[in-house]
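A closer look at the structure
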Amino acid sequence: MSSIQATGVGSLPGTDMPGALRHVLGSMELAWLPELPARGVGADMVGRTAAMLEGLAVDLQPQGWRLGERSGIDHHRARSLLRADLDELEEYAQTHHGQVTITATGPLTLAALMERPRGDKVLADHGARRELASSLGLGLASLVGEMRRRLPEVSWRVQLDEPSMPAVISGQVPTASGFSRLRPVDRPLASALLEKTTAPLAGIDCPVRLHSCAAGLDLDLVLRRVAGIDQVGLDARWITGRDWDVLGPWLEEGGQLVLGLARTDQADQLQRPDELVRRGLELLRPLGLDPTVLHAGLVLSTACGLAGWSTRAASAQLDALVEAAPLLAEQLAR
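The structure reproduced in this document is the subject of the present report. Just so we're clear, the structure is a prediction, and the values are computed from it rather than from any experiment. (Residues numbered from 1 in each chain as written. Predicted model: local features only at pLDDT ≥ 70, side-chain atom pairs only at ≥ 80, totals over all residues. Heavy atoms only, no water.)

This brings us to the overall build of the protein chain. What the protein chain contains, in helices and strands, is 12 helices and 10 strands. With respect to the three principal axes, the spread of C-alpha positions in the protein chain is 60 × 45 × 40 Å. Put simply, the protein chain has 334 residues, and 55% of those count as buried. Partitioning the contacts of the protein chain with sequence separation of at least 6, the portion at a separation of at least 24 is 72%. About 13,600 Å² of surface is accessible on the protein chain, with carbon and sulfur atoms providing 49% of the total. Both charge centroids of the protein chain, one from 33 positive and one from 41 negative side chains, sit 4 Å from each other. (Helix = DSSP H or I, 4+ residues; strand = E, 2+ residues; numbered from the N terminus. Buried < 20%, exposed > 50% of the residue type's maximum accessible area, 1.4 Å probe, protein only. Contact = heavy atoms within 4.5 Å. Areas by Shrake-Rupley, 256 points an atom, 1.4 Å probe, with all protein chains shown as cover. Lys, Arg positive; Asp, Glu negative; His and termini not counted. Charge placed at Lys NZ, Arg CZ, Asp CG, Glu CD.)

Set out below in structure tokens:
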């Protein structure tokens, strides 16, 4: 019987990438390339993803990242940071034989946060958002292909962070001026945009996790209408009974849920393994799912990134998740 595993979902505190990699690769069952936004411009969520785009130029304006005719100095810095991080990952993962996840901002959230060269946000322009989603997918596929050559013993996964997806679909994304809201993107268009990004990854057999810390994620759309997604990551606090109506059958069909049991909204509020196990049992036992399904289909994680925490507390919280995972599996089997 496979057992529940543990991972992290994105950002960590501090500016020490070698130190972050040593902890992640040495302690976590499912590793990832951390984001360290404390390093400044280019290390933030959008800047890191802009460095992965293929065929698009980006620059940074006072109001945020923007598509442009040529890349600005901040885009070059973001690319330089990413290349340095990948070089360090290659160095520290030489003896790693498990999985490593590369995280990126998903196409819907990226379009909601990035602006066009002249005008409003990319999300407001049907053609621009399709181009952005395609560029992201091609860039990620190229990056995964490169890392497979550099670290052939590692299995690779991509995580698409979509915290703005519920707002995009419900029409709650503000315009660039902030005085109005952009029109909602209907579900068929949203799924098509996601597939513009996932299709190149499916073409190289790279599995994809869609992660969202926000409440109200449309799980039927994500899990039933977008090809290439085999994992979904959610903050446990926002999972409703209606969500379990979708998640339960999906887990039984072989999908995986990255369950954000450890809250991250209060910095340095460490949750012990026994607390995580208790929370997991309260959430999972009433579902009546076969324990073997849960063992194979669950991965424990933090709800969101840990960039706002201290390095010591973030490391301790990740270690607590690793300790909690087999304990939860044992309790669910009883």
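Having put the structure on the table, let's press on.
Moving on to helix H9 (residues 241–252). With 12 residues, H9 extends 17 Å between its outermost C-alpha atoms, agreeing within 8% with the 16 Å of an ideal straight helix rising 1.5 Å per residue. All of the buried residues in H9 are Asp243, Trp244, Val246, Leu247, Gly248, Trp250 and Leu251. Buried residues along H9 sit in contact with helix H8 (219–224), strand S8 (229–235), strand S9 (256–262), helix H10 (273–284) and helix H11 (291–297). Backbone geometry just downstream of H9 places Gly254 in the positive-phi region, at approximately 110 degrees. (Expected span 1.5 Å × (residues − 1).)

Right, let's talk about the environment of Val24 for a bit. Relative to the elements of secondary structure, Val24 occurs in helix H1 (residues 17–27). Linking Val24 and Val100, residues 76 residues apart in sequence, is a C-alpha distance of 9.7 Å. Residue contacts for Val24: discarding those within four places in its chain leaves Leu12, Ala31, Trp32 and Pro34.

Take the pairing of strand S10 (residues 298–302) next. Of all the five residues making up S10, five are buried; the element is thus mostly covered by neighbouring parts of the structure. Sheet analysis places strand S1 (residues 5–6) next to S10, joined by two bridges and oriented parallel. Along S10, the bridge assignment pairs Gln5 with Val299. The pairing of S9 with S10 spans five bridges and is classified as parallel. Bridge pairing in S10 links Leu259 to Leu300. (Pairing = 2+ DSSP bridges.)

Our focus in this paragraph is the state of the cysteines. All told, the structure shown has one disulfide when counted by the stated rule. Disulfide partner of Cys213: Cys304, at an S-S distance of 1.8 Å. Remark: Cys304 occurs in the loop between S10 and helix H12 (311–332) and Cys213 occurs in the loop between strand S7 (208–212) and H8; sequence separation between them is 91 residues. (Disulfide = S-S within 2.5 Å.)

Among the nonpolar cores identified, the biggest contains 105 residues, and Leu89, Met114 and Leu247 are the most heavily contacted of them. Per-element tally for this core: the top contributor is H12, with 10 residues. The residues touching Met114, leaving out its near neighbours within four places in the chain, are Val46, Ala50, Val58, Trp65, Arg66, Leu67, Lys121, Val122 and Leu132. (Core = buried A, V, L, I, M, F, W, Y, C linked by side-chain atoms within 4.5 Å.)

Okay, the packing of H10 against H12 next. Taken N-terminus to C-terminus, the directions of H10 and H12 make an angle of 45 degrees; their axes are 8 Å apart at the nearest point. Here H10 is positioned oblique relative to H12, judged by the angle of their axes. In terms of crossing hand, the pair formed by H10 and H12 is right-handed. Residue-level contacts link Pro273, Leu276, Val277, Gly280, Leu281 and Leu284 of H10 to Gln317, Ala320, Leu321, Glu323, Ala324, Leu327, Leu328, Gln331 and Leu332 of H12. Classifying every residue of the contact of H10 with H12 gives 11 nonpolar, three polar and one charged. (Axes fitted to C-alpha atoms, helices over the stretch in contact; angles between N-to-C directions. Parallel < 35°, antiparallel > 145°, perpendicular 65-115°, else oblique. Left-handed = near helix turned anticlockwise from the far one by under 90°. Nonpolar A, V, L, I, M, F, W, Y, C, P; charged D, E, K, R; others polar.)

Our focus in this paragraph is H1. Of all the residues in H1, the buried ones are Met17, Pro18, Ala20, Leu21, His23, Val24 and Leu25. On the buried face of H1, the contacting elements are strand S2 (31–32), helix H2 (45–50), helix H3 (73–92), strand S5 (99–105) and H12. The distance from a side-chain oxygen at the start of H1 to the backbone nitrogen of Gly19 is 3.0 Å, and the residue carrying that oxygen is Asp16. (Polar contact = N/O pair within 3.5 Å; in protein donor to acceptor, adjacent residues only side chain to side chain.)

Taken in spatial order, the eight strands make up an open sheet running S1-S10-S9-S8-S7-S6-S5-S2, and their pairing is parallel. The outermost strands of the open sheet, each flanked by one partner alone, are S1 and S2. Against the sheet, helix H5 (residues 126–150) makes contact with S5 and strand S6 (155–161), and its axis sits at roughly 155 degrees relative to S6, the strand it touches most.

Attention shifts here to the side chain of Arg157. Structurally, Arg157 can be placed in strand S6. On the basis of relative accessibility, which here comes to 3%, the residue Arg157 falls in the buried class. When near neighbours in sequence (up to four residues on either side) are disregarded, Arg157 contacts Gln99, Val100, Thr101, Ile102, Cys206, Pro207, Val208, Arg209, Asp230 and Gln231.

Attention now goes to the pattern of salt bridges. Per the stated rule, a full pass over the model turns up 21 salt bridges. Across the pair Arg116 and Asp125 runs a salt bridge whose closest N-O atoms are separated by 3.1 Å. Its relative accessible area of 25% is what places Asp125 among the partly exposed residues. With its nearest N and O atoms 2.9 Å apart, the salt bridge here joins Arg237 to Asp235. One salt-bridge network, in which partners are shared between bridges, spans Arg83, Asp87, Glu90, Glu146 and Arg150. (Salt bridge = Lys/Arg side-chain N within 4 Å of Asp/Glu carboxyl O.)

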